[in-house]
Amino acid sequence: MELRAARAAARRRVSAYTTTVSMAGLTLLVLAAPAAARVAGRDPEPVLLLATLVLAAELMPLELGRLRGGPGDRRGGPPENPTGDSTTMSQPFAFALVLGWGTPAGVVALGACSALADLLAGKAARKVLFNSAQLATALGAAGMAYSLAGGHPGGPPDPPWPGHVSLPAFAVAALAFFVVNNLLVEAVLVLAGGTPALGRVRQGVGVRAWVSAMLLGMAPVVTVIAETSLGLVPILGLPTAAVYLACRGAIQADRERARAEAEAEQAQASAAEQARLVEGEQALIRQLQESDRLKRDLLATVSHELKTPLTVILGTLGTLSRRGAALEPAERREFVDMAIRQGTRLKKLIEQLLLAARFEQTGQEPAEHPLVDAAALARDALAAARVAHPGRELVLIAREVLPVRAAPEAVLQVLGNLLDNAAKYSPDHGPVRLEATRYGPLAVLAVEDTGPGVPPADRERIFERFTQLDSGATRRAGGVGLGLYIARQLANAQDGELVVCDPPLGGHGARFELRLPLTPIAPSPNPVAYAASSR
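1. Some words on the packing of helix α3 (residues 91–101) against helix α5 (residues 125–148)
Now for step 1: Viewed as axis vectors pointing N to C, α3 and α5 meet at an angle of 40 degrees, and their least axial separation amounts to 11 Å. The angle between the axes of α3 and α5 places the two elements in the oblique class. Note on packing geometry: the crossing formed by α3 with α5 is right-handed. Here Q91, A94, F95, V98 and L99 of α3 come into contact with α5, specifically with L135, L139, A142, G143 and Y146.
Now for step 2: Of the residues that constitute the contact of α3 with α5, the class distribution is 8 nonpolar, 2 polar and no charged.

So this is what it looks like as structure tokens:
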């Protein structure tokens with residue numbers, strides 16, 4: 001009876017709190033709407049563009065969830081149980097509206113876009129109102145903090161655009177937004193669980209603060225670009241998405257750790273399940289260790305692989321915003337091309353992250369593959385490698401037709417990844433060899449390089465996610481450690497296998513073999529030997 005009464009009291013507290021926050025946030029949105037409308041009428045292009053980016057950023061997690069076969073969610077559970085993080089990738093664009101066009105514009109854009117995205121996700125009305133009110137209130141508090149710290153939301157009275165953003169005042173505002181936003185969400189957990197829940201509230205604060213700092217730190221750049229070079233603003237969506245996707249994995253790992261610890265506490269409290277508790281604790285320890293490893297790998301990936309192109313993009317765009325009028329057309333074109341190149345690199349990293357996530361979500365499904373010639377696919381892969389690595393000596397040996405059943409694009413992706421790795425790790429003038437041969441019932445497509453090779457103890461570990469032998473800030477080649485993982489998954493999907501072994505005759509380097517089962521069809525003999533050198 002006492003437990004039932006305590007739970008009922010907790011539900012009443014949570015309901016009263018969420019209703020109060022929702023009403024306060026709704027009142028703030030209604031009061032801010034006229035001022036926001038005046039700002040949009042006075043300066044419509046940047047305001048509407050940034051509001052559109054806010055909406056797109058709010059919808060992106062939902063679309064990613066649908067692509068993975070799930071419902072998608074942006075901030076976790078219902079108001080009574082906010083298990084997710086309170087950070088969304090829309091915040092830098094909403095914050096930019098506050099800095100450049102005033103607090104009402106940012107509050108209305110973020111609150112309205114959050115509500116629209118939640119409605120499209122099919123969430124309950126009370127969660128839609130709570131989420132919208134939570135973000136609007138937090139951003140309103142940030143705008144007030146910016147003013148009190150000496151900043152001028154919407155620009156100073158006589159604006160020396162650009163560069164009017166006060167960075168000290170912005171730092172105070174960003175801190176206020178992070179604190180208020182998280183307090184509004186985590187207060188529900190405290191009200192529902194009482195004093196013991198305070199310990200759970202503190203879990204993951206460091207990760208959330210790091211992610212929030214990465215995203216909100218882009219707001220001044222977005223503001224300056226929107227005021228000076230409006231057409232370049234959408235490009236900033238790419239680095240924002242890259243940071244959000246990579247950091248999302250770290251937050252998920254931290255969330256899984258917290259969930260595992262909660263389960264461990266519940267297991268320890270049950271004296272009747274002592275036998276099961278021992279085995280469960282061992283499994284939980286392994287889960288904690290794996291979650292910690294994944295979090296470290298993801299944070300290292302962000303630091304070493306996403307930070308470099310992101311810094312170049314923001315630096316070039318910042319230079320264009322500050323000195324665009326003083327630059328020659330050729331110089332401006334060079335800066336834009338530099339940003340595009342780094343953006344393409346970020347796009348490739350994001351595609352690898354999404355493809356790896358798809359393999360984890362869906363696994364391998366049987367499929368009917370067409371009959372193709374593996375030797376012909378090897379020739380196509382070598383032709384693409386010649387374009388990508390024009391200064392590299394490439395040699396292809398294919399003496400017969402090799403009929404296999406496989407998806408051509410999957411085989412080409414595997415070979416392309418292996419050839420890229422071979423070119424990266426081989427000496428500058430070292431040749432790369434691609435051989436397509438028959439070995440018993442198998443078609444073997446082998447890529448050999450003259451690089452340092454792979455130690456026998458690491459020949460399985462390199463096919464794990466986020467694994468690189470030369471990991472760290474000093475490694476030669478870039479990447480997030482997903483290429484070989486994706487290549488093996490693709491090979492398995494073709495009923496084949498991807499392995500690494502020693503080169504024949506004990507030479508230097510590594511030999512990666514893609515082994516596919518031959519189809520029992522008598523091929524038309526047409527032996528051809530290819531030797532191509534790209535110089």
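Following the structure, the description resumes.
2. Some remarks on the packing of α3 against helix α4 (residues 103–120)
Now for step 1: Here α3 crosses α4 at 160 degrees, and the two axes come no closer than 6 Å. When the axis of α3 is compared with that of α4, the two are roughly antiparallel. Viewed along their axes, α3 and α4 form a crossing whose handedness is right-handed. Judged by residue contacts, A94, L97, V98 and W101 of α3 engage T103, A105, G106, A109 and L110 from α4.

3. Topic: the confidence of the model for the protein chain
Now for step 1: Summing up the model confidence of the protein chain, the mean pLDDT is 79 and the portion of residues at 70 or higher is 74%.
Now for step 2: Per-residue pLDDT stays below 50 along residues 76–85; that stretch engages in 27 contacts with residues further than four places along the chain or on separate chains.
Now for step 3: Here residues 523–535 scores under 50 on pLDDT; set against residues more than four positions off or in separate chains, the count is 30 contacts.

4. Structural notes on the packing of aromatic side chains
Now for step 1: Summed over the entire model, instances satisfying the criterion amount to 4 aromatic pairs.
Now for step 2: Connected via pairs of aromatic rings, a cluster forms that spans F95, F170 and F177.
Now for step 3: Its end group placed over the ring of F463, R488 keeps NZ or CZ at 3.8 Å from the ring centre.

The rules behind these values
- Residues numbered from 1 in each chain as written.
- Predicted model: local features only at pLDDT ≥ 70, side-chain atom pairs only at ≥ 80, totals over all residues.
- Heavy atoms only, no water.
- Axes fitted to C-alpha atoms, helices over the stretch in contact; angles between N-to-C directions.
- Helix = DSSP H or I, 4+ residues; strand = E, 2+ residues; numbered from the N terminus.
- Parallel < 35°, antiparallel > 145°, perpendicular 65-115°, else oblique.
- Left-handed = near helix turned anticlockwise from the far one by under 90°.
- Contact = heavy atoms within 4.5 Å.
- Nonpolar A, V, L, I, M, F, W, Y, C, P; charged D, E, K, R; others polar.
- pLDDT = per-residue confidence, 0-100.
- Phe/Tyr/Trp six-rings, centres within 6.5 Å; stacked < 30°, edge-to-face > 60°.
- Lys NZ or Arg CZ within 6 Å of the ring centre and 35° of its normal.

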